[in-house]
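Listed here are the chains, written in short residue letters.
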Amino acid sequence: MPKRAHFITGILASLCIAAFFLSTILTELFGSHAAVAQLKSLIVTPGLWIMVPLMAAAGGSGMFLAKSRKGRLVDAKKKRMPFIAANGLLVLVPCAIVLNRWAAAGSFDTTFYLVQAIELIAGATNLTLMGLNARDGLRMTGRLRNSPPTAAKAP
Ligand code: HEM
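Positions within a chain are numbered from 1, following the residues in the order the chain's sequence is written. Only residues with pLDDT of at least 70 get local features here, since the model is predicted, and only at 80 or more are side-chain atom pairs given and counted; chain-wide, interface and lining totals rely on the full set of residues. The basis for every side-chain value is the complete set of heavy atoms in the structure, and neither hydrogens nor water enter the calculation.

Undergrad: Looking at this structure, I do not really get the nonpolar core. What am I missing?
TA: Grouping buried Ala, Val, Leu, Ile, Met, Phe, Trp, Tyr and Cys residues that are joined through side-chain atoms within 4.5 Å yields what is termed a nonpolar core. Each residue gets one of three labels from its accessible area relative to the maximum for its type: buried under 20%, exposed over 50%, partly exposed in between, using a 1.4 Å probe on protein chains only. Counting 19 residues, the largest nonpolar core has Ile17, Leu48, Met51, Met55, Ile84 and Met130 as the members making the most contacts within it. Secondary structure elements follow DSSP: runs of H or I of four or more residues count as helices, runs of E of two or more count as strands, with numbering from the N terminus. When contributions to this core are tallied by element, the ones reaching two or more residues are helix 1 (2–30), helix 2 (33–66), helix 3 (72–104) and helix 4 (110–140). It is helix 2 that contributes the most residues to this core, seven residues altogether. Among all residues touching leucine 48, those that are not within four sequence positions of it are Phe20, Ile43, Pro53, Val93, Ala96 and Ile97. In this structure, Val36, Ala103, Phe108 and Phe112 belong to the second largest nonpolar core, which totals eight residues. Any pair of residues with heavy atoms lying within 4.5 Å of one another is described as a contacting pair.

Below, the structure written as structure tokens:
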């Protein structure tokens, strides 16, 4: 059961970040200011209320599962988690909140786009780290092969 919960929360948390990231890029590029403001509001409510518990559940269930596992892959996953959590709580959440406030007030100035850029960089970083955690997890459970098959040696 914890393994299933970890799989589901890990994948959903990653999809959540991916959805925020892609929708942000698309609305910034092609949407009106009203569309950007609407998206910023949705990312805060209900977005953050879904993403933060999912992330905590993925990390918590992962730490629980790690009690009975040893090795390089589990160590790498453990090391990445503090960066994912700090990046999420100290960068992504505050950025989402201030961007929502500024967008609601129609304040799309240089500071807005600077913070937007920081949010996108932090989002891409977390997507990468979570993707690596998902890859290593799938390798640990045998759903993903460890490395590509080696080419047959020439005689
Ligand atoms: C948000 C970050 C994380 C994501 C996206 C993630 C994703 C995954 C996925 C997709 C699996 C495969 C599950 C399956 O095939 O049933 C897995 C397995 C696993 N994960 Fe994570 N994980 C994350 C964080 C962590 C953390 C922080 C730890 C703690 C070290 C951890 C420990 C494990 C362990 C031990 C397994 C293997 C379970 C088993 O074989 O019984 N994960 N993870």
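Undergrad: Got a minute to help me understand the coordination of the iron atom of the ligand in this structure?
TA: For a metal with four donors in a tetrahedral arrangement, the ideal angle between donors is 109.5 degrees, while six donors in an octahedron ideally sit at 90 or 180 degrees. Metal-coordinating donors are taken as N, O and S atoms lying within 2.8 Å of the metal, or within 3.2 Å when the metal is Na, K or Ca; because water is left out, some sites can appear incomplete. Donor atoms from the polypeptide that bind the iron atom of the ligand are His6 (NE2) and Lys77 (NZ), placed at 1.9 to 2.0 Å. Tetrahedral means four donors with every angle between 85 and 135 degrees, whereas square planar (four donors) and octahedral (six donors) require angles over 155 degrees between opposite donors and between 65 and 115 for all others; sites fitting neither are termed irregular. For the iron atom of the ligand, the six donor atoms in the first shell make angles of 80 to 178 degrees at the metal, so the coordination geometry reads as octahedral. With histidine 6 in helix 1 and lysine 77 in helix 3, this pair connects stretches of sequence that are 71 residues apart. For lysine 77, a relative accessible area of 16% translates into the label buried.

Undergrad: Please clarify how empty space enclosed by the protein should be interpreted in this entry.
TA: It is a probe the size of a water molecule, rolled over the atoms, that shows where empty space is left. A cavity here means a set of 1 Å grid points, computed over protein atoms only, where a 1.4 Å probe fits but cannot escape. A pocket is an open set with protein on both sides within 12 Å along at least 5 of 7 lines, and lining residues have an atom within 4 Å of a point. Grid points are joined across faces, edges and corners, and a volume is the space filled by probe spheres set on the points. What the rule picks out here adds up to one cavity of 30 Å³ or more. Taken as a whole, the largest cavity spans an internal volume of roughly 130 Å³. What lines the largest cavity is simply Ile17, Phe20, Phe21, Thr24, Ile43, Leu48, Met51, Leu92, Ala96, Glu119, Leu120 and Gly123. Counting residues per element, the ones that place at least two in the lining of the largest cavity are helix 1, helix 2, helix 3 and helix 4. Element by element, the count of residues in the lining of the largest cavity is highest for helix 1, at four residues. Classification convention: Asp, Glu, Lys, Arg as charged; Ala, Val, Leu, Ile, Met, Phe, Trp, Tyr, Cys, Pro as nonpolar; all other residues, Gly among them, as polar. Considering only residue class, the lining of the largest cavity consists of nine nonpolar, two polar and one charged.

Undergrad: Even after reading the chapter, I still don't get helix 4, so can you show me in this structure?
TA: Along an α-helix, a turn takes 3.6 residues, which lines up residues three or four apart on a common side. Taking 1.5 Å of rise per residue, 31 residues should cover 45 Å, and helix 4 covers 45 Å from first to last C-alpha, within 8% of that figure. Taken residue by residue, helix 4 has Phe112, Val115, Gln116, Glu119, Ala122, Gly123, Asn126, Leu129, Met130, Asn133, Asp136 and Gly137 as its buried positions. Contacts made by the buried residues of helix 4 are with helix 1, helix 2 and helix 3. Backbone geometry just downstream of helix 4 places glycine 142 in the positive-phi region, at approximately 80 degrees. Given the number of residues in a helix, its expected span is that number minus one, multiplied by 1.5 Å.

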